[in-house]
Amino acid sequence: MRALALGLCGLVAALFAVSLTVGPAEIGPGESLRALVMGDAGPLTLVMREIRLPRALLAALVGGGLGLAGAAMQGYLRNPLADPGLIGVSASAALGAVLAIQTGVAAAVWIGLPAMALIGAALGVGLVLMLAGQHGGSLTLILAGIAVSALAGALTALVLNLSPNPFAASEIVFWTMGSLADRSMSHLWLALPLVVAGAAVLLRLGPALDALTLGEDAAASLGVRVERLRLSLVAGTALIVGGTTAVAGAIGFVGLVIPHILRPLVGARPARLLWASALGGAALILAADIAVRVVVPERDLKLGVLTALVGAPVFLHLIWRSRRLEA
Amino acid sequence: MRVMPPGRSGPCRGAIWRVVAAAIAAVVATEALAEGPAGPPARVVSMNLCTDQLAMLLAAPGQLVSVSSLAQDPRGSAMATEAAAYPSNRGLAEEIYLLDPDLVIAGSFSTQATVDMLRRLGVPVAVLDPAYSMADIGDRIEEMGRVLGRAEAAAQLRAEFEAGLAALREEIATRPRAALYYANGYTSGDRTLAGEILLAAGFANIAAEAGLPEGGVMPLEILAMAEPDALVTGRPYPRASRAEEILDHPVLHQMRERRAAGAVSDSEWVCGTPHVLQAVGRMRALRERLE
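The rules behind these values
- Residues numbered from 1 in each chain as written.
- Chains lettered and ligands numbered in written order.
- Predicted model: local features only at pLDDT ≥ 70, side-chain atom pairs only at ≥ 80, totals over all residues.
- Heavy atoms only, no water.
- UniProt positions renumbered as here; feature names shortened; annotations may be inferred.
- Domains from an automatic or database assignment.
- Buried area = accessible area lost by both parts, 1.4 Å probe.
- Salt bridge = Lys/Arg side-chain N within 4 Å of Asp/Glu carboxyl O.
- Contact = heavy atoms within 4.5 Å.
- Polar contact = N/O pair within 3.5 Å; in protein donor to acceptor, adjacent residues only side chain to side chain.
- Phe/Tyr/Trp six-rings, centres within 6.5 Å; stacked < 30°, edge-to-face > 60°.
- Buried < 20%, exposed > 50% of the residue type's maximum accessible area, 1.4 Å probe, protein only.
- Helix = DSSP H or I, 4+ residues; strand = E, 2+ residues; numbered from the N terminus.
- Disulfide = S-S within 2.5 Å.
- Pairing = 2+ DSSP bridges.
- Right-handed = clockwise from strand over helix to strand, strands pointing away.
- Axes fitted to C-alpha atoms, helices over the stretch in contact; angles between N-to-C directions.
- pLDDT = per-residue confidence, 0-100.

- As named in an unreviewed UniProt entry, chain B is BtuF protein, taken from Jannaschia aquimarina.

- An unreviewed UniProt entry annotates chain A as HmuU protein originating from Jannaschia aquimarina.
- One UniProt comment on chain A, placed under Sequence similarities (unreviewed entry), says "Belongs to the binding-protein-dependent transport system permease family. FecCD subfamily."

Spelled out as structure tokens, the structure:
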């Protein structure tokens, strides 16, 4: 277990360092890291501290949050197909964020944008859990997720199309695919409190999720209050997905792929999977964000495109496997 | 300018007789137009922000009956106050046809379907290209004068504009470097109207040294590393968009704090009309303050 933790931490640290040295202004890695740490009045320090550092920090924060949220949802639903992006939580959060921007709430109070995204995410996750139910199978869960995703996506497009701002309509892609291009420290400060609070809620659910693997009755006899667990899950997921989506758009599949890869390595224990998935998610988004800058630097490739290219095959594989199990 | 004859392959089959009548009337009208000077058009509708402004500057009293609604919006129009006196149109074939114009003036970026529809209905449409340079502006003024039958007024306006421009230009030993920065990190090259405004005001545009001589998306990092002396940003539209958020990025604020003089490219930068002289004049004053 310690080896896994060290390995994941090392991977995140290495990718974080690489992320800091990748960018359109081609600067040597040594020079750029020196400018970041030492700091002077030159433009290089400005680039490092105000463009690349927030981008790398946000990648780790967003990826870590989404990985953790996915692992927690899968632990609670005991279903490997649950992912905030896939079941419409991210889409609902994006709708909240778009409404905050277009109604002017985001400009009026600084907390307006993440708060509305949080409300959107909470409504989305609440609705899906209600529709799917505690005993709902994969099919109900996915269908409920599709319905919520479609509705939230359509409303987001509607709001942006109705906006008097000529640029708004072209932003549908950002809100559905996600990107970390040109974010700043102010975005980090918007998302950080929510993601940290959400992570604090979800990480404490570990023992209860472990108990839940024995079945609901056994968990209840071990002192787990399932109703309260569900409430914590909804709150924690909404905080994380609301915070990350408000600043980076909806990025799917992180919470699906990472727990899937790491589950065998943690002995299928949900509690361990929580922190492992947080680290794994951070590594995935850092890597994806490096890739969008290295592969096609002249195009603003969206992060969600890359995560979907990795995630959709994993998703298909999971469906295939669960079909065989049900058959 | 192209005054096209109305369509011979129009949708007359099965259409209401009114359309047929209109088409016939238009054929007659265009034939008259083709035959030679038939007098200036009496009811002119403009449906493009830039042709709106040129038409308002040149039209005889009562000659211009409608301008586009964009011309009344001060965000993009340098003549919003003047435009408020005209009924506005939204560039739709139906409403323009009902205004009963004998000439419609469109820009070459106007919706092609609308232009085609108007021509099929027998309305002569003059299509004017936008001005991409200072030199184009004089030509556009002259062209507008020709379609409106106001050649004399156009010649006078052109002479005034060119004299004004010549008075603003001066030889500069070292040009301060300026960056044009718009939503989505877009910048314009030298061969655009905004680029020429910079040049005329005595600035050098950093787009070329950033590897974008024709303009394009300039990453924020490249802009920061280039350290321009002046930063000209687009004015944000109401209701924020993520595309424009980049104009509020801390890097731009810090660049302005450190050395770059800030300026906003507003409605005077949009269209090739004599109003660009005000933009040039303001940028020149900014440059003089930098020295």
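After that view, the rundown keeps rolling.
Some details on the domain arrangement of chain B
Residue and element names in this part refer to chain B.
Here's step 1: Each assigned domain of chain B is listed with its residue range as follows: domain 1 (17-163) and domain 2 (177-290).
Here's step 2: On a C-alpha basis, the centres of domain 1 and domain 2 stand 31 Å from each other.
Here's step 3: Summed over both partners, the interface of domain 1 with domain 2 buries about 1500 Å², with 72% contributed by carbon and sulfur atoms.
Here's step 4: When the area that domain 1 buries against domain 2 is broken down by residue, the three leading residues are Arg75, Met134 and Phe161, summing to 36%.
Here's step 5: Where domain 1 packs against domain 2, one counts 0 salt bridges.

Observations concerning the interface of chain B and chain A
Here's step 1: Contacts between the two partners involve 25 residues from chain B, matched on the other side by 30 residues from chain A.
Here's step 2: There are 2 salt bridges connecting chain B and chain A.
Here's step 3: Between Glu245 of chain B and Arg183 of chain A there is a salt bridge, and its shortest N-O distance comes to 3.4 Å.
Here's step 4: Where chain B meets chain A, there are 8 residue pairs in polar contact (both at pLDDT 80 or more).

Considering the packing of aromatic side chains
Residues and elements named next belong to chain A.
Here's step 1: Counting across every chain of the model gives 2 aromatic pairs over all chains.
Here's step 2: When the centroid spacing of 4.7 Å and the interplanar angle of 75 degrees are considered together, the rings of Phe174 and Trp175 count as edge-to-face. You'll find Phe174 and Trp175 in the same group, each marked buried.
Here's step 3: Ring geometry for Phe253 and Phe315: centres 6.5 Å apart, planes at 65 degrees, overall edge-to-face. Of this pair, Phe253 sits in the loop between α12 (226-248) and α13 (254-262) while Phe315 sits in helix α15 (residues 303-326), placing them 62 residues apart in sequence. Assigned by exposure class, Phe253 and Phe315 land together as buried.

Side note on the state of the cysteines
Residue and element names in this part refer to chain B.
Here's step 1: Summed over all chains, the structure comprises 1 disulfide over all chains.
Here's step 2: Paired by a disulfide, Cys50 and Cys271 hold their sulfur atoms 1.9 Å apart. Its S-S torsion of about -75 degrees marks the bond between Cys50 and Cys271 as left-handed, since a negative value means left-handed. Here Cys271 lies in the loop between β11 (261-265) and α12 (276-290) and Cys50 lies in helix α2 (residues 49-58), a separation of 221 residues in the sequence.
Here's step 3: Overall, Cys50 belongs to the partly exposed group, its relative accessible area being 21%.
Here's step 4: Residue classification places Cys271 among the buried positions, given a relative accessible area of 2%.

Section: the pairing of strand β5 (residues 125-128) of chain B
All names here are of chain B.
Here's step 1: The alternating pattern of β5 places Val125 and Val127 and Ala126 and Leu128 on opposite faces, both of which are buried.
Here's step 2: For strand β4 (residues 103-107) and β5, the ladder comprises 4 bridges, and the chain directions are parallel. If you follow Gly107 over to β5, its bridge partner there is Leu128.
Here's step 3: Handedness of the crossover is the feature at issue here: the chain leaves β4, passes through helix α5 (residues 112-120), returns alongside β5, and the resulting connection is right-handed.

Describing the sheet that holds β4 of chain B
Residue and element names in this part refer to chain B.
Here's step 1: One open sheet holds the 5 strands; their spatial order is β3-β2-β1-β4-β5, and the pairing between them is parallel. At either end of the open sheet lies a strand with only one pairing partner, and these are β3 (88-89) and β5.
Here's step 2: Strand contacts of α5: β4 and β5, with the helix running at about 155 degrees to β5, the strand carrying the most contacts.
Here's step 3: Helix α6 (residues 134-148) rests against β1 (44-46), β4 and β5 of the sheet, and its axis sits at about 175 degrees to β5.

A look at the confidence of the model for chain B
Note: predicted coordinates in regions of low pLDDT should not be interpreted at a detailed level.
Residue and element names in this part refer to chain B.
Here's step 1: The pLDDT averaged across chain B works out to 85; a share of 87% of its residues lies at or above 70.
Here's step 2: Across chain B, β1 holds the top mean pLDDT of 96, while helix α1 (residues 17-35) sits lowest at 46.
Here's step 3: Of the regions scoring below 50 in pLDDT, residues 1-15 engages in 27 contacts with residues more than four places distant in sequence or in other chains.
Here's step 4: This stretch, residues 23-36, has a pLDDT under 50; its non-local contacts, to residues over four places away or in other chains, come to 13 contacts.
Here's step 5: Reported for the predicted complex are a pTM of 0.82 and an ipTM of 0.80.

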